[in-house]
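# Structural features, examined
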Amino acid sequence: MRELPWAVRLLLVNQFGVNTGFYLLVPYLAGHLTQDLGLSVAATGVVLGVRNLSQQGMFLVGGSAADRLGARRVIIAGCALRTVGFALFAFGVTVPLLLAAAVLSGLAGALFNPAVRAYIAADAPGGAGTFALFNVFAQAGALCGPLLGGVLLLVDFRAAALTAAAIFAVLTLAQTLVLPARDVPPSGASVLGDWRRCLADRRFLAFTLALSGMFALQNQLYLVLPLAAEQATGTPSSVALLFLVSTVATLLFQVRITKRLEAATSPGRAMALGLAVMGAGFLAPALLPGLLPVLVAVLALAFGVMMAQPFVYERISRFGGESLTGTYFGMFYLVSGMVAAASTALIGWVGPAGAAVCAAIGPACATLVLIQERRTTAPA
């Protein structure tokens, strides 16, 4: 980390804070809406769905804003919006206020997620190695957030929400005072023209469709694997073990794995290997009963993501070049998120056969990545 520019170091710490604040609040939001405020399950689903849609559906807008206005401004705006959104969750008791909080907090994520990655891609000399560190800080925040939230809920939900808002307020101030601005190179086209360029980039679209399998399989940490763990143990508390195992594995091995792969193979093969490992892990719960096969799948998911994700981020920044990195990140998240959502719906629909479907998705997407690597050269 000491080898990185101090602006990138700040963004790594920022990502730790972002995930700490997010996971401090959001995992407990559904319980607050139904139990504390007395909303129906349907109304709670609408609020949570609006938050997710505001983020997933606006990634492309956030990425374009980073390219047009500068990543620094968009990062600051995203953190400021999430400060307001989480503060509204603390005091909102009516559905309109809760929907406003959901929209603001979701839009905030759509703004700073592509912008942070675009800023790091432009300033970090380490490429995949820097994004490996980024994943470590993000996972550390995802581990600390729920623990801190659980403690604050002993007071009440408002204390947790205000603490999360305060974390984002501090991040907003720190980046306003410390994060340096960079020149914004003109793209030479309109926003719609930039989007058309993304959609006309066949290599990028093929890459995005192939790597959407990574998100589809990651999402099963929230669907197939928790259900299998509960079925094996008979208790919902076993689900927490899955997240603990995944997070600790990432903290211990992410940087080491990325360094080894950088020295041993090409980025394309590293991504394909990661996808294959993710898919292979689902063979265990598909063929064997019990909690141990589920933990094997969780570890395979964690190691597969560690193998693939840093190189995915590096490759997207190459596709986007100097002027459209944010737009390409936004388009990647939008398209792959849609594909992952459709895949998750299919996996949920097939029920008990979901693990087998996941086992097939991994090698299929890995094959697509290898085919693409052989047919085309990597973007400069």
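Quantities reported herein were computed from a predicted structural model and do not represent experimental measurements.

What follows is about the pattern of salt bridges. Scanning the entire structure with this criterion turns up three salt bridges. The shortest N-O distance in the salt bridge between arginine 68 and aspartate 194 comes to 2.7 Å. Highlighted residues: arginine 68 in helix 4 (residues 59–69) and aspartate 194 in helix 9 (residues 191–200), separated in sequence by 126 residues. When its relative accessible area of 36% is taken as the criterion, arginine 68 is described as partly exposed. Across the pair glutamate 314 and arginine 318 runs a salt bridge, and its minimum N-O distance is 3.8 Å. One end of the pair, glutamate 314, and the other, arginine 318, are both in helix 15 (residues 291–320), four residues apart, so they sit about a helical turn from each other. Residue glutamate 314 is classed as buried on the basis of its relative accessible area, which comes to 16%.

Once that is clear, we can look at the environment of arginine 256. Mapped onto the fold, arginine 256 is located in helix 12 (residues 238–264). Among the residues examined, arginine 256 registers a relative accessible area of 56% and is labelled exposed. Between the C-alpha atoms of arginine 256 and glycine 304, which are 48 residues apart in sequence, the distance is 13 Å.

Further remarks concern helix 15. Helix length check: helix 15, at 30 residues, gives a terminal C-alpha distance of 42 Å against a target of 44 Å (1.5 Å per residue), a fit within 8%. Along helix 15, the sharpest change in direction is near 30 degrees and occurs at alanine 308; proline proline 310 comes one to four residues later. For helix 15, the buried fraction is high: 24 of the 30 residues fall into the buried class. At the exit of helix 15 stands glycine 321, carrying a positive phi of roughly 70 degrees.

Scoring rules and cut-offs
Residues numbered from 1 in each chain as written. Predicted model: local features only at pLDDT ≥ 70, side-chain atom pairs only at ≥ 80, totals over all residues. Heavy atoms only, no water. Salt bridge = Lys/Arg side-chain N within 4 Å of Asp/Glu carboxyl O. Helix = DSSP H or I, 4+ residues; strand = E, 2+ residues; numbered from the N terminus. Buried < 20%, exposed > 50% of the residue type's maximum accessible area, 1.4 Å probe, protein only. Expected span 1.5 Å × (residues − 1). Bend = angle between axes of the 7 residues up to and from the residue.

The values reported here are purely geometric and, on their own, carry no functional implication.
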